[in-house]
Amino acid sequence: MAAAKLYGAVESAETMRALVSLYEHDLEFEFIPIDLKAGEHKRQPCLSLNPFGEVPVFQDGDMVIFESRAIMRCISFIYPKPGKEHIFMEPKMQGIVAGWIDVEDHQFDPLASKLRWELVYKPKNGLATDEALVAKMEAKLGLVLDIYEKRLEHSKYLGGCKFPSADLTHLPNLYYLMGTKVKRLFPSRPHVSTWCDEILSRPSWKKVVEMIEMAQL
Amino acid sequence: MAAPVKVYGPPISTAVSRVLACLLEKEVDFQLRNVNMSRGEHKKPDFLKIQPFGQVPAFEDESISLFESRAISRYVCEKYANQGNKGLYGTTPLEKASIDQWLEAEGQSFNPPSSSLVFQLAFAPRMKLKQDEQLIRQSKDKLAKVLDIYDSRLGQTQFLAGEDFTLADLSHLPNTQYLMNATDGKELFTSRSNVARWWAEISSRDSWKKVVDMRKPPSS
């Protein structure tokens, strides 16, 4: 039977999110790179996989799923690793995970994405960083991290006692932010710092980083 | 005995009404506790204990508290799987995956422009705030593109995730309800035949009619 396929672009945070989930679950898959600069994602055949014209898309047999967090949820639900599941079967505990997945989506990602745009994308492409905006976003991110710090005082991971999807979903933005001055937000928040170091050193994430680095060559 | 499920927040909030619709679909008894946001109740320590980001809704069920309306809805579907609308979050992994995909599409693509329009067209006039014409135009353009995709999808399936009404459709009810009552916003939906057909179906569900009733100010 054909292996699963992931259509994506290694430089896209959303693709990275799907990749790390696949690696965490030791799933065999083929990576099909999509050329975002050439607009490949906005044309056929990509549009028949994702009518929104975005990456990543996960295809497994007849099943085609778009939206990185849906792919992540789907993989952890359909291919759980016994003893190392990313989900809890008990509804209350899974409800908590679901809440923190959405926190990353609505509270963390909007700020982290803007900071990534200003501090990573713009310099790389010869554009001027808006320092006033960076200062504003950084201050707001600090407030979010204060809430994370409180949560991580009582819980090993945001989602609970084991590494679940709610923590995994932060990895792409954290990876980029750690390469910018925003990393100064972390040392004063010891629980967040420890958590960050731990999840960024997971073997599955290192495989994704390797793919990113090879693509730069 | 009082219902163990408590929802905190005003029903006029789109996120709160999303959770209410889900609870009604699943036939789960609940208490609705108002939060006086004009008095800053949502930023006070007691509220922050259950919703650290100071937003509505907050939710409690027996011993736990949850936040984020879509996460709460998923939880309600899983905890109360055997009552009410049993297929609301799917009964197989494949169904769940399809529902999750369209729930994410709602959150990522539909919600941002529609929320901006809800504020500009429905809330700003009531709050006597000046409307941002440029933002309205941009949001309408973005929402139009999303609804084109929806119209195409709904030409192939009865509802977004498949042939049955699911959480993915429900999640669109709050914002769309406001836009259908705003002069400018309605046309985006009524001009697309499949979207119009879909809206007529999902908005006529008993659960949603009850939520709309809850949002009306009490008659004097």
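Structure first, text after, so check above.
Owing to the predicted nature of the structure, the values given are computational and were not obtained by experimental measurement.

Trainee: Tell me about the overall build of chain A, and name the residues and values.
Mentor: The helix and strand tally for chain A stands at nine helices and four strands. Along chain A, from the amino end to the carboxyl end, the secondary structure elements read β-α-β-α-β-β-α-α-α-α-α-α-α. Expected size for 217 residues packed as a compact globule is a radius of gyration near 17 Å; at 17 Å, chain A falls within 12% of this value. Relative to its full complement of 217 residues, chain A shows a buried share of 55%. Sequence-distant contacts in chain A: of pairs separated by 6 or more residues, those separated by 24 or more amount to 66%. In the form shown here, chain A has an accessible surface area of approximately 9900 Å², with 57% of it arising from carbon and sulfur atoms. Computed over 27 positive and 30 negative side-chain charges, the separation of the two mean positions in chain A equals 4 Å.

Trainee: Break down the overall build of chain B for me, with residues and values.
Mentor: In terms of regular secondary structure, chain B is built from ten helices and four strands. Helices and strands appear in chain B in the N-to-C order β-α-β-α-β-β-α-α-α-α-α-α-α-α. In terms of C-alpha radius of gyration, chain B reaches 17 Å, essentially the compact-globule figure of 17 Å for 220 residues. Taking the principal axes of its C-alpha atoms as reference, chain B extends roughly 50 × 45 × 35 Å. Across the 220 residues of chain B, 56% fall into the buried class. Contacts spanning at least 24 positions in sequence make up 65% of the contacts within chain B whose residues lie at least 6 apart. Considering chain B, the positive charge centre built from 29 side chains and the negative charge centre built from 27 side chains are found 5 Å apart.

Trainee: Hey, could you go over the layout of surface pockets for me, with residue numbers and the actual values?
Mentor: Estimates place the volume of the largest pocket at around 1600 Å³. Glu-11, Ser-12, Ala-13, Glu-14 and Arg-116 of chain A are the residues nearest the centre of the largest pocket, which is lined by 43 residues in total. Secondary structure elements with two or more residues in the lining of the largest pocket: helix H1 (13-24), strand E2 (29-33), helix H3 (68-78), helix H4 (91-124), helix H7 (171-177) and helix H9 (203-216) of chain A together with helix H4 (93-126) of chain B. For the lining of the largest pocket, the leading source of residues is H4 of chain A, giving ten residues.

Trainee: I'd love a proper account of the interface of chain B and chain A, names of residues and values included.
Mentor: Listed per partner, the contact involves 31 residues of chain B and 29 residues of chain A. For the chain B and chain A pair, buried surface summed over both sides reaches about 2700 Å², with 68% attributable to carbon and sulfur atoms. When the area that chain B buries against chain A is broken down by residue, the three leading residues are Phe-53, Gln-101 and Glu-104 of chain B, summing to 23%. Inspection of the region where chain B meets chain A yields two salt bridges. Note that Glu-104 of chain B and Arg-73 of chain A form a salt bridge whose closest N and O atoms lie 3.1 Å from each other. At the surface where chain B touches chain A, the tally comes to seven residue pairs in polar contact (both at pLDDT 80 or more). When contributions to the side of chain B that touches chain A are tallied by element, the ones reaching two or more residues are strand E4 (64-67), helix H3 (69-79), H4 and helix H5 (133-153) of chain B. Top contributing element to the side of chain B that touches chain A by residue count: H4 of chain B, with twelve residues. Of the residues belonging to the side of chain B that touches chain A, the class tally is 15 nonpolar, six polar and ten charged.

Trainee: Residues and numbers for the sheet that holds E2 of chain A, please.
Mentor: All names here are of chain A. Spatially, E2-E1-E3-E4 is the arrangement adopted by the four strands of the open sheet, whose pairing is mixed. Each edge of the sheet is formed by a strand with only one pairing partner; in this case those strands are E2 and strand E4 (63-66). Neighbour-to-neighbour, the strand axes of this sheet turn through a mean angle of 15 degrees, independent of strand direction. Sheet topology places strand E1 (residues 4-8) next to strand E3 (residues 57-60); three bridges connect them, and they run antiparallel. Across the sheet, the residue bridging to Leu-6 is Phe-58, located in E3.

Trainee: I'd love a proper account of the nonpolar core, names of residues and values included.
Mentor: Membership of the largest hydrophobic core comes to 70 residues, with the highest contact counts inside it found for Phe-59, Val-76, Trp-102, Tyr-150, Leu-167 and Phe-189 of chain B. Of all the elements, H4 of chain B adds the most residues to this core, at nine residues. Setting aside residues up to four positions removed in sequence, Phe-189 of chain B forms contacts with Phe-110, Leu-143, Leu-147, Thr-176, Leu-179, Met-180, Val-195 and Ala-196 of chain B. Core analysis: the second largest hydrophobic core is formed by 62 residues, Val-134, Ile-147 and Leu-158 of chain A together with Phe-53 of chain B among them.

Trainee: Could you give me a rundown of a nonpolar patch on the surface, with the residues and numbers involved?
Mentor: Residue and element names in this part refer to chain A. Where nonpolar side chains cluster on the molecular surface, the patch consists of Trp-117, Tyr-121 and Leu-127 and spans about 320 Å² of accessible area. Its location among the elements puts Leu-127 in the loop between H4 and helix H5 (131-154). Classification of Leu-127 by relative accessible area gives partly exposed; the value is 44%.

Trainee: Before we move on, could you go through the sheet that holds strand E1 (residues 5-8) of chain B and cite the residues and values that matter?
Mentor: Hydrogen bonding along the main chain pairs the strands of a sheet, whether they run parallel or antiparallel. All names here are of chain B. Strand order in the open sheet formed by four strands is E2-E1-E3-E4, with mixed pairing between adjacent strands. The two strands at the open ends of the sheet, each matched to only one other strand, are strand E2 (31-33) and E4. This sheet shows a mean twist of 20 degrees between the axes of neighbouring strands, independent of strand direction. Where strand E3 (residues 58-61) meets E4, four bridges bridge the pair, whose relative direction is antiparallel. Residue pairing for E4: Glu-60 is matched across the bridge by Ser-65.

Trainee: Let's hear about the pairing of E1 of chain A: which residues, and what values?
Mentor: Regular strands show a simple pattern: their side chains alternate between the two faces of the sheet. All names here are of chain A. Among the five residues that make up E1, four are buried, leaving the element largely enclosed by the rest of the structure. Examined bridge by bridge, E1 and E2 share five bridges and lie parallel to one another. Note that in E2 the partner of Tyr-7 across the bridge is Ile-32. Chirality of the crossover, the property in question, places the unit of E1, H1 and E2 among those that are right-handed.

What counts, and where the lines are drawn
- Residues numbered from 1 in each chain as written.
- Chains lettered and ligands numbered in written order.
- Predicted model: local features only at pLDDT ≥ 70, side-chain atom pairs only at ≥ 80, totals over all residues.
- Heavy atoms only, no water.
- Helix = DSSP H or I, 4+ residues; strand = E, 2+ residues; numbered from the N terminus.
- Rg over C-alpha atoms; globule rule 2.2 N^0.38 Å.
- Buried < 20%, exposed > 50% of the residue type's maximum accessible area, 1.4 Å probe, protein only.
- Contact = heavy atoms within 4.5 Å.
- Areas by Shrake-Rupley, 256 points an atom, 1.4 Å probe, with all protein chains shown as cover.
- Lys, Arg positive; Asp, Glu negative; His and termini not counted.
- Charge placed at Lys NZ, Arg CZ, Asp CG, Glu CD.
- 1 Å grid on protein atoms, 1.4 Å probe; cavity = no way out; pocket = protein on both sides within 12 Å on 5 of 7 lines; lining within 4 Å.
- Points joined across faces, edges and corners; volume = space filled by probe spheres on them.
- Buried area = accessible area lost by both parts, 1.4 Å probe.
- Salt bridge = Lys/Arg side-chain N within 4 Å of Asp/Glu carboxyl O.
- Polar contact = N/O pair within 3.5 Å; in protein donor to acceptor, adjacent residues only side chain to side chain.
- Nonpolar A, V, L, I, M, F, W, Y, C, P; charged D, E, K, R; others polar.
- Pairing = 2+ DSSP bridges.
- Axes fitted to C-alpha atoms, helices over the stretch in contact; angles between N-to-C directions.
- Core = buried A, V, L, I, M, F, W, Y, C linked by side-chain atoms within 4.5 Å.
- Patch = residues over 30% accessible without salt bridge, like charges linked within 9 Å, V, L, I, M, F, W, Y side chains within 5 Å.
- Right-handed = clockwise from strand over helix to strand, strands pointing away.

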